[in-house]
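The primary structure of each chain is shown beneath.
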Amino acid sequence: MVYAFEPLPDNIVLIKRNFKNSGYKGLFLSEVCLSDSVSFATFNVSSREPDSVKLSDYTELSYWHKSSSLLAPGAIEDHYIWLEFEKKIQVSTTTLDLYCKEKNVSYIDFIHMDVQGAELMVLIGASAHMNSIDIIWMEVSSVDIYKDQPLKREVNDYMKSFGYFKALDIGDYVTGDELWIRKAYMDSLPQETQRVLKSEHVKSSISFRINSIISSSRKYLSKKKADSRELYEVGIKSTQLFNITLEILRNLIPQYVVSLLSSLRTHARTKANLLASN
């Protein structure tokens, strides 16, 4: 079974058409917003698209209104100057807990969530089922794109409080996608699968940090004029970012480094003993 939630009328038409064309059974659409309460809310509808996007490549809608949110826009202009919010509509909201109760859903294999700053609202509304959701893929933000939105750290803390393991962290210093796996489900997977997931976690975490540093450096440099004082400030900023990178690497991979060094040391000693015996 696949359960989808969408409040925007234009998107609803598109989803229904895609459901019909897919040929699959067991696809259900609810024309509501998932949130932390059952109510009515103002939904901020996004429009326009970046200059790099050709609408001819996206034949449906205005770039899908993909940045629309229950939350009002915040410092979006600092990051996406092309994005506009000229329209608001009233939508119904419900919680995942109530929906599951009404539909008699007791177990969820996978959730894909892209709710533009409302991640924690949806998760709080699913609190009674957090111990029966295996995998959650969601977009989170590290900066205030929307007003009063919970940021990456707060969302991550909530996930960890329910014993979820972050397997992937992909993005930059503004937004990124994360893949979370419930620990009990993780422990039930084959050992090799667990090893790969943990390895991917380390690699994606490092990649995320490096991308964040590169992106924030570019943004910083683009706002600076090339006089001596500001070049000095850029140098200080770069040094700080480099130090942060080193700290991240030390915190992320010491157990892997220790394990590797231990294996190499054992191998070296064994080789030395063989040479000595000859």
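Structural data are supplied above this passage.
So, here's what we can say about the structure. Quick caveat, the model's predicted, so the values are computed rather than measured.

A count of helical and extended segments in the chain gives eight helices and nine strands. Taken across its 278 residues, the chain has 39% of its residues classed as buried. Contacts in the chain between residues far apart in sequence, at least 24 positions, make up 73% of those at least 6 positions apart.

Within this structure, the stated rule accounts for five aromatic pairs. Where Tyr 3 meets Tyr 99, the ring centres are 5.8 Å apart and the plane angle is 75°; that geometry is what we call edge-to-face. Within this pair, whereas Tyr 3 is found in strand 1 (residues 2-5), its partner Tyr 99 is found in helix 2 (residues 96-103), the two being separated by 96 residues in sequence. Aromatic side chains Tyr 158 and Phe 162 sit 5.1 Å apart centroid to centroid with 55° between the ring planes, which places their arrangement in the tilted category. Of the residues examined, Tyr 158 reaches a relative accessible area of 16% and is grouped as buried. Take Phe 162: its relative accessible area is 22%, and that puts it in the partly exposed class. An aromatic cluster is built from Tyr 3, Phe 5, Phe 28 and Tyr 99, whose rings are joined through pairwise contacts.

In this structure, Leu 123, Met 130, Ile 136, Met 138 and Met 159 are the most contacted members of the largest nonpolar core, which totals 21 residues. Listing elements by their share of this core, those giving two or more residues are helix 2, strand 6 (108-113), helix 3 (119-124), strand 7 (133-141) and helix 4 (152-161). Broken down by element, this core gets its largest block of residues, four residues, from strand 7.

This brings us to the pattern of salt bridges. Any two side chains of opposite charge can pair, given that their charged atoms come close. If you walk through the whole model with that rule in mind, you get eight salt bridges. For Lys 152, the salt bridge is made with Asp 169, and the minimal N-O distance between the two is 2.9 Å. Taken together, the positions of Lys 152 in helix 4 and Asp 169 in strand 8 (residues 164-171) put the pair 17 residues apart, joining distant regions of the chain. Overall, Asp 169 belongs to the buried group, its relative accessible area being 5%. Across the pair Asp 187 and Lys 183 runs a salt bridge whose closest N-O atoms are separated by 2.9 Å. Highlighted residues: Asp 187 and Lys 183, both in helix 5 (residues 183-188), separated by four residues, approximately one helical turn. Take Lys 183: its relative accessible area is 47%, and that puts it in the partly exposed class. In this structure, a network of salt bridges that share partners links the residues Lys 152, Lys 166, Asp 169 and Glu 178.

Our next topic: the sheet that holds strand 7. Taken together, the four strands give an open sheet; going across it, the order is 6-7-9-8, and neighbouring strands pair in mixed fashion. In this open sheet, the two strands that pair with only one neighbour each are strand 6 and strand 8. Neighbouring strand axes in the sheet, compared pairwise and without regard to direction, differ in orientation by 15° on average. In this sheet, strand 9 (residues 175-182) lies alongside strand 7 in antiparallel orientation, the contact comprising seven bridges. Across the sheet, Ile 135 pairs through a bridge with Ile 181, a residue of strand 9.

It is worth spelling out the pairing of strand 2 (residues 27-30) at this point. Pairing geometry for strand 1 and strand 2, over four bridges, is parallel. Among the inter-strand pairings, Tyr 3 is bridged to a residue of strand 2, identified as Phe 28. Crossover connection from strand 1 via helix 1 (residues 9-22) to parallel strand 2: handedness right-handed.

Strand order in the open sheet made by the three strands is 3-5-4, with mixed pairing throughout. The sheet is open, and its two borders are formed by strand 3 (33-34) and strand 4 (39-47), each paired with just one other strand. When strand 3 meets strand 5 (residues 84-94), the two strands line up parallel, connected through two bridges. Of the residues in strand 5, the one forming a bridge with Leu 34 is Thr 94.

Right, let's talk about a nonpolar patch on the surface for a bit. Taken together, the side chains of Met 1, Tyr 3 and Phe 28 make up a nonpolar region of the molecular surface, amounting to roughly 330 Å² of accessible area. Relative accessible area serves as the criterion here: at 31%, Tyr 3 is assigned to the partly exposed category.

Structural remark: α-helix, 3.6 residues per turn; residues separated by three or four positions point the same way. The end-to-end C-alpha separation of helix 1 is 20 Å, in line with the 20 Å expected for 14 residues at 1.5 Å each. Taken as a whole, helix 1 has its buried residues at Asn 11, Ile 12, Leu 14 and Ile 15. One face of helix 1 carries all of its buried residues, which in axial projection span an arc of 165°. When the buried face of helix 1 is taken as reference, the exposed residues oriented beyond 90 degrees from it are Val 13, Lys 20 and Asn 21. At its buried positions, helix 1 is contacted by strand 2. Once helix 1 finishes, Gly 23 follows within two positions and takes phi at roughly 80°, a positive value.

What counts and how
Residues numbered from 1 in each chain as written. Predicted model: local features only at pLDDT ≥ 70, side-chain atom pairs only at ≥ 80, totals over all residues. Heavy atoms only, no water. Helix = DSSP H or I, 4+ residues; strand = E, 2+ residues; numbered from the N terminus. Buried < 20%, exposed > 50% of the residue type's maximum accessible area, 1.4 Å probe, protein only. Contact = heavy atoms within 4.5 Å. Phe/Tyr/Trp six-rings, centres within 6.5 Å; stacked < 30°, edge-to-face > 60°. Core = buried A, V, L, I, M, F, W, Y, C linked by side-chain atoms within 4.5 Å. Salt bridge = Lys/Arg side-chain N within 4 Å of Asp/Glu carboxyl O. Pairing = 2+ DSSP bridges. Axes fitted to C-alpha atoms, helices over the stretch in contact; angles between N-to-C directions. Right-handed = clockwise from strand over helix to strand, strands pointing away. Patch = residues over 30% accessible without salt bridge, like charges linked within 9 Å, V, L, I, M, F, W, Y side chains within 5 Å. Areas by Shrake-Rupley, 256 points an atom, 1.4 Å probe, with all protein chains shown as cover. Expected span 1.5 Å × (residues − 1). Arc of directions from axis to C-beta.

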